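Chain and residue survey
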Amino acid sequence: MPEINVTPLGAGQDVGRSCILVSIGGKNIMLDCGMHMGYNDDRRFPDFSYITQNGRLTDFLDCVIISHFHLDHCGALPYMSEMVGYDGPIYMTHPTKAICPILLEDFRKITVDKKGETNFFTSQMIKDCMKKVVPLNLHQTVQVDDELEIKAYYAGHVLGAAMVHIKVGSESVVYTGDYNMTPDRHLGAAWIDKCRPDILISESTYATTIRDSKRCRERDFLKKVHETIERGGKVLIPVFALGRAQELCILLETFWERMNLKAPIYFSTGLTEKANHYYKLFITWTNQKIRKTFVQRNMFEFKHIKAFDRSYADNPGPMVVFATPGMLHAGQSLQIFKKWAGNEKNMVIMPGYCVQGTIGHKILNGQRKLEMEGRATLDVKLQVEYMSFSAHADAKGIMQLIRMAEPRNMLLVHGEAVKMEFLKGKIEQEFSIDCYMPANGETATVTTNPSVPVDISLNLLKREMALGGPLPDPKKPRTMHGTLIMKENSLKLVSSEQALKELGLNEHQLRFTCRVQLQDPHSDPDTLHRIYTHLKSVLKGYTIQHLPDGTVMVESIVIKVSSSAEDTNAKVLLLSWSYQDEDLGSFLSTLLKKGLPSGLC
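In this report, we go over the structure that sits alongside the text. (Residues numbered from 1 in each chain as written. Predicted model: local features only at pLDDT ≥ 70, side-chain atom pairs only at ≥ 80, totals over all residues. Heavy atoms only, no water.)

Description of the packing of aromatic side chains
Rules: Ring pairs shown here join Phe, Tyr and Trp side chains whose ring centres sit within 6.5 Å, with only the six-membered ring taken for Trp; geometry is labelled stacked below 30 degrees between planes, edge-to-face above 60, and tilted in between. Only DSSP runs of H or I with at least four residues qualify as helices, and only runs of E with at least two residues qualify as strands; both kinds are numbered from the N terminus onward. Remark: exposure states derive from per-residue accessible area (1.4 Å probe, protein chains only) relative to the maximum for the residue type, with buried under 20%, exposed over 50%, and partly exposed in between. As a reminder, the over-ring test applies to NZ of lysine and CZ of arginine, requiring each to be within 6 Å of the ring centre and within 35 degrees of the ring normal.
According to the stated counting rule, one finds 16 aromatic pairs in the structure shown. Measuring from centroid to centroid gives 6.0 Å for Phe45 and Phe120, while their planes differ by 35°, and the two rings are tilted. With Phe45 in the loop between strand E3 (27-31) and strand E4 (63-65) and Phe120 in the loop between helix H3 (94-114) and helix H4 (123-130), this residue pair connects regions lying 75 residues apart in the sequence. We note that Phe45, like Phe120, is buried. Over the face of the ring belonging to Phe45 we find Arg44, whose NZ or CZ atom lies 5.8 Å from the ring centre.

Spelled out as structure tokens, the structure:
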């Protein structure tokens, strides 16, 4: 039986460094190529030696697909393509193609220019890598080669995020990347066809969470920010440049306008302008409300939110600062955090998931003394709040997607092992399908039952309808009698007459004959009449005839009676039928072996 193999090189029972290898129908596909924010050594990149110990990856991969621009999904791309070596196609949506190189360059600057790390990709490598990108449009089927096709679906999450349906012959896999089943202030909800893939590979970041109402969370967030500002404190909100940042900016902008607040709100320099540019450029990827009002007012041009300069961090008085990156593992957000951490009036609000090993993860787990670079310790006195504005599907959303796509098997990635285990049990119980959760380097193998598509001739369909049977139900299988012809790798079911004509063959009648022993004291003609009467009472709705030549016919089935020479009570029944009536012929032979009822005349 054919098999699909799925091996996570990253994000197997872990969040970060998403990189999934899929082998399907003889094709090898890499889904995402991310980096881990919790490591500063070789562990930050996926282990590509799993694919090949030496040599380039081009010979082993048919294509690479990137779901969205977050660095834990695309951060290792230039390393993989330019340093390890891959020259094949890299597929991503238009917004991802536009934003991905900017975030990669920002991260390179932090890692190489500021931290002085070596063994990292260069600016030129990012440019060379992006030359290999083939842009995807939503709902457009793209032929990677003669057998492999891919199709992108809207995933919500961030601008340009996509789920991908991968198909080779009749086998298929859907990879969700990160997705959100709830629409928000600037993006719509994820959506996919009822495509019934062999495997649905889904993220499971919030596998055990069912989030409360978004309105309550927003109210709570605004209350916390407002209280801190009122007491003269500063609020740091670490975010990634695009995504939650825009969501929370729209929220604060509206609140500041309504409450007529004067405290300044700042956003990391440069990134707001770039973000606004891309949101205008890819307005079709936002939600309906923003698209409708875009002509009168661009929601991404903020009156109260200004560009941040690093000197502002030392200014007295209250302020709100959105700074990147989102997990406090480097960059401007970490610099501001160090300055503000010692004052209990201040607050840091973590609006999304933090990977283990990052400062964000440590403070959310209650750590109040942090060991920084150069063995210096930092006392954390400011207030730490976690409010999930993360655009990932929660447990309810994951179940909703399963109902939408109706997969035959489920595979969980991008989550914590204990939480995955819980969700796995829920999925298997509710949907009665197998659910897998391989760790990094482990392979999950799923056996598939490929269906073979067959075209049916119009004449055959018309003939079936003319026979007066019930109208075909698309959800139920239906038996069709015909001749299967294979021409140029495609199969067609036609009537036997059409097959003979197309193939230039003569027709031969094939009939089955069966002998049935029967004890009956009557004469042969009387026995035949008794058989005729018995069949009339049993087979309602069938054409049954008693013919003058001493036979009984049921549809195409002929029944004759003859007596044994030694014993006149022992009758031999000869039954003969064509292959079309094989089921009825078998039924009649079984029925007559049981003998005739005694009351028949």
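Some points on the pattern of salt bridges
Note the threshold: One side-chain nitrogen of Lys or Arg within 4 Å of one carboxyl oxygen of Asp or Glu is enough to make a salt bridge.
Tallied over the entire structure, the rule returns 25 salt bridges. The salt bridge involving Asp87 is made with Lys132; its shortest N-O contact spans 3.5 Å. Taken as a pair, Asp87 in the loop between helix H2 (77-85) and strand E5 (90-93) and Lys132 in the loop between H4 and strand E6 (133-136) lie far apart in primary sequence, 45 residues in all. A relative accessible area of 17% means that Lys132 is categorised as buried. Glu428 serves as the salt-bridge partner of Lys424, at 3.3 Å between the closest nitrogen and oxygen. Taken together, the residues Lys424 and Glu428, both in helix H12 (residues 417-431) and four residues apart, mark about one turn of the helix.

Section: the environment of Lys426
Positionally, Lys426 belongs in helix H12. With 399 residues separating them in the primary sequence, Lys426 and Lys27 have C-alpha atoms 32 Å apart.

Side note on the nonpolar core
Heads up, the rule is: Throughout this description, the term nonpolar core refers to a set of buried Ala, Val, Leu, Ile, Met, Phe, Trp, Tyr and Cys residues connected via side-chain atoms within 4.5 Å. What counts as a domain boundary in this text is fixed by an automatic or database domain assignment. For this analysis, residues touch if any pair of their heavy atoms sits within 4.5 Å.
By size, the foremost hydrophobic cluster in this structure holds 159 residues, and its most contacted members are Phe221 and Phe337. Counting residues per element, this core draws most heavily on helix H6 (residues 244-259), which supplies eight residues. No fewer than three residues from each of domain 1 (3-210 + 391-443) and domain 2 (214-386) sit in this core. Phe337 has contacts with Leu236, Leu328, Val348, Ile359, Ile363, Leu370, Leu378, Val380 and Leu382, leaving out every residue within four places of it along the chain. Ranked by size, the runner-up nonpolar core spans 22 residues in total, among them Leu528, Ile531, Tyr532 and Leu535.

These figures come from the coordinates and say nothing about function on their own.
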